[in-house]
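Residues per chain are reported as follows:
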Amino acid sequence: KIEKAKPIKCGTFGATSLQQRYLATGDFGGNLNIWNLEAPEIPVYSVKAHKEIINCIDGVGGLGIGEGAPEIVTGSRDGTVKVWDPRQKDTPVANMEPVQGESKRDCWTVAFGNAYNQEERVVCAGYDNGDIKLFDLKTMSLRWETNIKNGVCSVEFDRKDVNMNKLVATSLEGKFHVFDMRTQHPTKGFASVSEKAHKSTMWQVRHLPQNRDIFMTSGGAGSLHLWKYEYPAQRSKKDSEGAEMGVAGSVSLLQNVTLSTQPISSLDWSPDKKGLCVCGAFDQTVRVLIVTKLNKV
């Protein structure tokens, strides 16, 4: 148990090796710190990353997941999304901020994806007004954006370290959207399917590490829903002008359970034991669960 002066909002092991197990955290003061849990008194890396609270964090290039540099992405209430390389002090390697004249939006969720070789990498960010933005770190440009009409609570690629395949975004009013990221149409963007699942906020989505077509969502009413994505017969088709466009599949509910009267705000799967997962809720309880029969779906 380690106590720090500033409240911590988010953390990730994603940019560290399994041997090091360094924990990167974002706090209410806008600071990004990386801690060696063997000697946690002083951070091994520290930067005043944002002007306001860091809401969300993700890491890639560590834990044997994702090619390329070990990087951390942070999203903040100040409207900016920044990518950090712990080997570079004080300055981010990328800074995605609102363009001149655009109002700043609270960034609630960030996720790395497309890190399948040394050059490619994207960051997806979700905002309080329903905006989803996809930043391409190779070209340092905004690759795609859309709006799902409600605050985006969580975004996750089905795998960080493969050619972009699917992206799930959950929202404030209990709906989630699955985008097929294989085919980007020049004007329509990515094909998607949406599902209304929870009666309240859908806080989190996490894909099963052993099967990327199965994912779990957690809700504001204290429930967990387990979903399976079915691919369509053909994943792309040509439009009237001959441009390739994606075709969305469908989702089906495999199982659901209510664990708490309070929102389940965080969730993660074990990368080693299939079906083992952990969740944290507003009732101050951490629950460890096992999901069986996953090899039969």
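Look up: the structure comes first, before these words.
Read on for an overview of the structure. (Residues numbered from 1 in each chain as written. Predicted model: local features only at pLDDT ≥ 70, side-chain atom pairs only at ≥ 80, totals over all residues. Heavy atoms only, no water.)

1. Observations regarding the overall build of the chain
Stated precisely, the cut-off is as follows: Every helix listed is a DSSP run of H or I at least four residues long, and every strand listed is a run of E at least two residues long, numbered separately from the N terminus. A radius of gyration in this sense is built from C-alpha atoms; the matching globule rule multiplies 2.2 Å by the number of residues raised to 0.38. A simple rule labels every residue: compare its accessible area, found with a 1.4 Å probe on the protein chains alone, to the largest value its type can have, and call it buried under 20%, exposed over 50%, or partly exposed in between. Any two residues whose heavy atoms approach within 4.5 Å at even a single point are treated as in contact. For the charge count, each Lys or Arg is scored as positive and each Asp or Glu as negative, with His and the chain ends excluded. Where a charge lies is defined by one atom per residue type: Lys uses NZ, Arg uses CZ, Asp uses CG and Glu uses CD.
Across its full length, the chain carries zero helices and 25 strands. Against the globule reference of 19 Å for 297 residues, the chain gives a C-alpha radius of gyration of 19 Å, in line with a compact fold. Viewed in the frame of its principal axes, the chain has a C-alpha envelope of about 60 × 45 × 35 Å. When each of the 297 residues of the chain is scored for burial, the buried share is 50%. Taking contacts inside the chain between residues at least 6 apart in sequence as the whole, the part at least 24 apart equals 46%. The average position of the 37 basic charges and that of the 34 acidic charges among the side chains of the chain differ by 5 Å.

2. A look at the pattern of salt bridges
Our working rule: Salt bridge, as used here, is a side-chain nitrogen of Lys or Arg placed within 4 Å of a carboxyl oxygen of Asp or Glu.
According to the stated counting rule, one finds 17 salt bridges in the structure shown. Of the charged contacts in the structure, one is a salt bridge between Lys 166 and Asp 158, with a shortest N-O distance of 3.0 Å. Taking relative accessible area as the criterion, Asp 158 reaches 3% and is therefore assigned buried. One connected set of salt bridges, linked through shared partners, spans Asp 158, Lys 166 and Asp 213.

3. Points about the sheet that holds strand 25 (residues 286-290)
What counts, and what does not: Only when DSSP finds a minimum of two bridges between them are two strands counted as paired. With axes taken as lines fitted to C-alpha atoms, and helix axes fitted only over the stretch in contact, angles between N-to-C directions fall between 0 and 180 degrees.
With antiparallel pairing, three strands are arranged side by side in an open sheet as 23-24-25. The open sheet terminates on both sides in strands that have one partner only, identified here as strand 23 (264-269) and strand 25. Taken over all neighbouring pairs, the strand axes of this sheet differ in orientation by 20° on average, direction set aside. As defined by bridge partners, strand 24 (residues 276-281) adjoins strand 25 across five bridges and the pair is classed as antiparallel. Across the sheet, the residue bridging to Gly 280 is Val 286, located in strand 25.

4. Quick look at the environment of Leu 267
With respect to the helices, strands and loops of the structure, Leu 267 is situated in strand 23. Taking the C-alpha atoms as reference, Leu 267 lies 7.4 Å from Ser 218; in sequence the two are 49 residues apart. Excluding residues within four positions of it along the chain, Leu 267 makes contact with Gln 204, Arg 206, Met 216, Ser 218, Leu 224, Val 278 and Cys 279.

5. What to know about the pairing of strand 19 (residues 223-230)
Burial of strand 19 is extensive: seven of the eight residues sit out of reach of the surface. In terms of strand pairing, strand 18 (residues 211-219) meets strand 19 through five bridges, oriented antiparallel. Bridge pairing links Thr 217 to His 225 in strand 19. Connecting strand 18 to the antiparallel partner strand 19 that follows it, the hairpin turn spans three residues, and Gly 222 within it adopts a positive phi of roughly 85°.

6. So, unusual backbone geometry
Glycine aside, negative phi is the norm for most residues, and most peptide bonds take the trans geometry. Unusually for a residue other than glycine, Asp 90 sits at a positive phi of about 70°. The backbone of Asn 114 sits at a positive phi, close to 65°, despite the residue not being glycine. Looking at the element boundaries, Asn 114 is found in the loop between strand 9 (107-113) and strand 10 (122-127). By relative accessible area, which is 4% here, Asn 114 ends up buried.

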